[in-house]
Amino acid sequence: MKEINNIKILLLGDSGSGKTSYLHKYMNDEFKKDSELTIGIDYATRIVNNTKIDIWDTAGQEVFRSITTSYFRSANGVLIFMDLTNIDSINNIEYWINDYLNKSGNDKKSILLVGNKKDSTRAVTFEDGNEISKYFNISYVEISVKNDTTELLENIMNNLITNIEATSSRNIKIHIKEKKKTTLFCNI
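Residues numbered from 1 in each chain as written. Predicted model: local features only at pLDDT ≥ 70, side-chain atom pairs only at ≥ 80, totals over all residues. Heavy atoms only, no water.

Asker: I would appreciate a short explanation of the confidence of the model for the protein in the present structure.
Answerer: Any residue range with low pLDDT should be treated as having predicted coordinates unsuitable for detailed reading. Chain-level pLDDT for the protein is 78 on average; 74% of the residues reach the 70-or-more range. Within the protein, the lowest mean pLDDT, 39, falls on strand 7 (residues 172-176), and the highest, 95, falls on helix 4 (residues 126-136). Below a pLDDT of 50 lies the segment residues 171-188, which in the model reaches 54 contacts outside its immediate sequence neighbourhood of four places, other chains included. (pLDDT = per-residue confidence, 0-100. Helix = DSSP H or I, 4+ residues; strand = E, 2+ residues; numbered from the N terminus. Contact = heavy atoms within 4.5 Å.)

Asker: Would you explain the environment of Glu 94 in this entry?
Answerer: Residue position: Glu 94 is located in helix 3 (residues 93-104). Note on Glu 94: relative accessible area 41%, which makes it partly exposed. (Buried < 20%, exposed > 50% of the residue type's maximum accessible area, 1.4 Å probe, protein only.)

Asker: Whenever I open this one, the side chain of Thr 45 confuses me. Can you help?
Answerer: Along the chain, Thr 45 turns up in strand 2 (residues 41-48). Look at Thr 45 and you get buried, because its relative accessible area is 8%. Of note is the side chain of Thr 45, whose polar atom sits 3.2 Å from the backbone oxygen of Ile 53. (Polar contact = N/O pair within 3.5 Å; in protein donor to acceptor, adjacent residues only side chain to side chain.)

Asker: Sorry, what's going on with the nonpolar core here?
Answerer: Nonpolar side chains in soluble globular proteins tend to be buried together. Ranked by internal contacts, the top residues of the largest apolar core, which has 22 residues, are Ile 9, Tyr 22, Ile 55, Leu 79, Ile 143 and Met 157. Secondary structure elements with two or more residues in this core: strand 1 (2-13), helix 1 (19-28), strand 3 (51-58), strand 4 (77-83), strand 5 (111-116) and helix 5 (150-167). Here this core takes 6 residues from helix 5, the largest share from any one element. Leaving out residues up to four positions away in the same chain, Ile 55 has contacts with Ile 9, Leu 11, Leu 23, Tyr 26, Met 27, Asp 42, Tyr 43, Ala 44 and Met 157. Ranked by size, the runner-up nonpolar core spans 21 residues in total, among them Tyr 43, Ile 80, Leu 84 and Leu 101. (Core = buried A, V, L, I, M, F, W, Y, C linked by side-chain atoms within 4.5 Å.)

Asker: How do you make sense of the pairing of strand 5 when you look at a structure like this?
Answerer: Within a regular strand, the side chains alternate between the two sheet faces. With 6 of its 6 residues buried, strand 5 lies for the most part within the structure. Burial of strand 5 is two-sided: the residues Ile 111, Leu 113 and Gly 115 facing one way and the residues Leu 112, Val 114 and Asn 116 facing the other way are all buried. In terms of strand pairing, strand 4 meets strand 5 through 6 bridges, oriented parallel. From the neighbouring strand, Asp 83 faces strand 5, where its bridge partner is Asn 116. (Pairing = 2+ DSSP bridges.)

Set out below in C-alpha cells:
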C-alpha cells in the first residue's frame with residue numbers, strides 16, 4: 001500500500017457560473033454543452049501525483065445552501081466561480097468567500113476566484129475581476145471551460161493544491177492499494 005495526501009476541494013458560486021462544466025471537463029477531458037443543474041452536491045475523485053483530490057461540486061441555488069455549507073468544514077480549498085457574462089454574478093462573491101472562510105476555518109490562501117466564460121459577451125471585465133480579487137486579497141484567474149484546454153484546467157487545480165499544501169497542516173494521509181483515476185457522480 002502506498003500512502004498519499006488527501007485534498008478536498010469545493011467548487012462554489014452562483015448557479016450557471018460553470019462549476020459543473022469545469023468538473024466534467026477536468027474529469028473527462030470534454031466540454032458538455034448542456035449541463036443539468038446540480039441538485040445538492042456532486043462528487044468526483046482523482047488521484048494525481050500521490051494526491052487524492054476529492055472535488056465537491058455544490059449547487060449554486062440559494063435553496064441548497066444549508067445543505068452545501070455542511071461540506072465546508074473538512075475542505076482544504078475552494079474554487080469560487082464567477083460568470084463573466086452576468087454582472088449579477090459579482091454580487092454573491094463576498095457571500096461565498098465569507099461563508100467558506102467562516103465554516104472551513106481556512107485562510108484566504110486556500111481560495112481561487114475563477115472568472116468563467118471569457119469567450120462570451122462579457123458583462124464583467126478582466127479589470128473588474130482583478131479589482132475584486134485585490135479587494136478580498138485572493139488570487140484570480142479567467143477561463144473558458146468551453147474553449148480552454150483540459151491541461152489549463154488541471155494547472156489551475158494543481159496550483160491551488162500546491163498553495164494549500166504549502167500553507168496547511170490539515171492534509172489527511174490515507175492508504176490506497178493502487179494509483180488510478182476514478183469518477184463517481186451522485187446527486188444528494
